[in-house]
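Each chain, written out:
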Amino acid sequence: MVALLACAPSDAGKLEAARDVVERFFTALPSRDCAVVGPLLAVPDSCRATVEDLNAHGMSLVEVLEVKVDGREPDAVLVRTRVARDGQVREQPMLLRVERHPDGWKLRW
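In this report, we go over the structure that sits alongside the text. Predicted model only: the values in this text are computed from it and were never measured.

## Details of the overall build of the chain
Scanning the chain for helices and strands turns up 4 helices and 5 strands. Its helices and strands in sequence order give the chain the pattern α-α-α-α-β-β-β-β-β, from N to C terminus. Referenced to the eigenvectors of the C-alpha coordinate spread, the extents of the chain come out at roughly 40 × 35 × 20 Å. Buried positions account for 38% of the 109 residues belonging to the chain. Taking as baseline every contact in the chain between residues at least 6 positions apart, the subset at least 24 positions apart corresponds to 45%.

## Some words on the packing of aromatic side chains
Taken as a whole and assessed by the stated rule, the structure comprises 3 aromatic pairs. Geometrically, the ring pair formed by Phe-26 and Trp-109 is edge-to-face, given 6.2 Å between the ring centres and 70° between the ring planes. Remark: Trp-109 occurs in the segment after β5 (104-108) and Phe-26 occurs in helix α2 (residues 9-28); sequence separation between them is 83 residues. A relative accessible area of 38% places Trp-109 in the partly exposed class.

## Examining the state of the cysteines
On inspection of all chains with the given rule, the structure shows 1 disulfide. Note that Cys-34 is cross-linked by a disulfide to Cys-47, the S-S spacing being 2.1 Å. On the sign convention where negative means left-handed, the S-S torsion of about -95° between Cys-34 and Cys-47 marks this disulfide as left-handed. With Cys-34 in helix α3 (residues 34-37) and Cys-47 in helix α4 (residues 47-56), this pair connects stretches of sequence that are 13 residues apart. The pair formed by Cys-34 and Cys-47 is uniform in burial state, with each residue classed as buried.

## Remarks on the pairing of strand β4 (residues 94-101)
The pairing of strand β2 (residues 76-85) with β4 spans 6 bridges and is antiparallel. Across the sheet, residue Val-79 finds its bridge partner in β4, namely Leu-96. In this sheet, β5 lies alongside β4 in antiparallel orientation, the contact comprising 5 bridges. When the bridges of β5 are listed, Arg-100 appears paired with Trp-105. What sits between the antiparallel neighbours β4 and β5 is a turn of 2 residues.

## Regarding the side chain of Glu-99
Secondary-structure assignment places Glu-99 in strand β4. Of the polar contacts made by the side chain of Glu-99, one reaches the side chain of His-101; its length is 3.1 Å. Not counting residues up to four positions away in its chain, the partners in contact with Glu-99 are Ala-42, Asp-75, Ala-76, Gly-104, Trp-105, Lys-106 and Arg-108.

## Side note on the pattern of salt bridges
Counted under the stated rule, the structure contains 13 salt bridges. Arg-100 serves as the salt-bridge partner of Asp-75, at 3.0 Å between the closest nitrogen and oxygen. Separated by 25 residues along the polypeptide, Asp-75 in the loop between β1 (60-69) and β2 and Arg-100 in strand β4 bring together distant segments of the chain. With relative accessibility at 32%, the residue Asp-75 sits in the partly exposed group.

## Side note on the side chain of Thr-81
Assignment of secondary structure puts Thr-81 in strand β2. Each residue touching Thr-81, except ones within four places of it in the same chain, is listed here: Val-22, Leu-61, Glu-63, Val-64, Leu-65, Pro-93, Met-94 and Leu-96.

Analysis parameters
Residues numbered from 1 in each chain as written. Predicted model: local features only at pLDDT ≥ 70, side-chain atom pairs only at ≥ 80, totals over all residues. Heavy atoms only, no water. Helix = DSSP H or I, 4+ residues; strand = E, 2+ residues; numbered from the N terminus. Buried < 20%, exposed > 50% of the residue type's maximum accessible area, 1.4 Å probe, protein only. Contact = heavy atoms within 4.5 Å. Phe/Tyr/Trp six-rings, centres within 6.5 Å; stacked < 30°, edge-to-face > 60°. Disulfide = S-S within 2.5 Å. Pairing = 2+ DSSP bridges. Polar contact = N/O pair within 3.5 Å; in protein donor to acceptor, adjacent residues only side chain to side chain. Salt bridge = Lys/Arg side-chain N within 4 Å of Asp/Glu carboxyl O.

Right under this line is the structure:
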């Protein structure tokens, strides 16, 4: 939440959208439903493989640690997360990239 307060008003919407995409992705992941998960991905054709791989390793979102605009590209947001694999919380955070596309914000997996 601190990251949201420390940014320009135009960035706040980007940060909130990116956080939302990441949270919705991990919430929908166990369903294996590419009709739901696919539209959240920058490359929707990769949905089946991505979903199967992540579910095979029991990946789940523990928490979003930080959300910030990518300094290299204003239409990309970096989301630092803590994830669990097979029930074990990973020590190292996972960095995810969310990008603005014509039809909304998408996770680049």
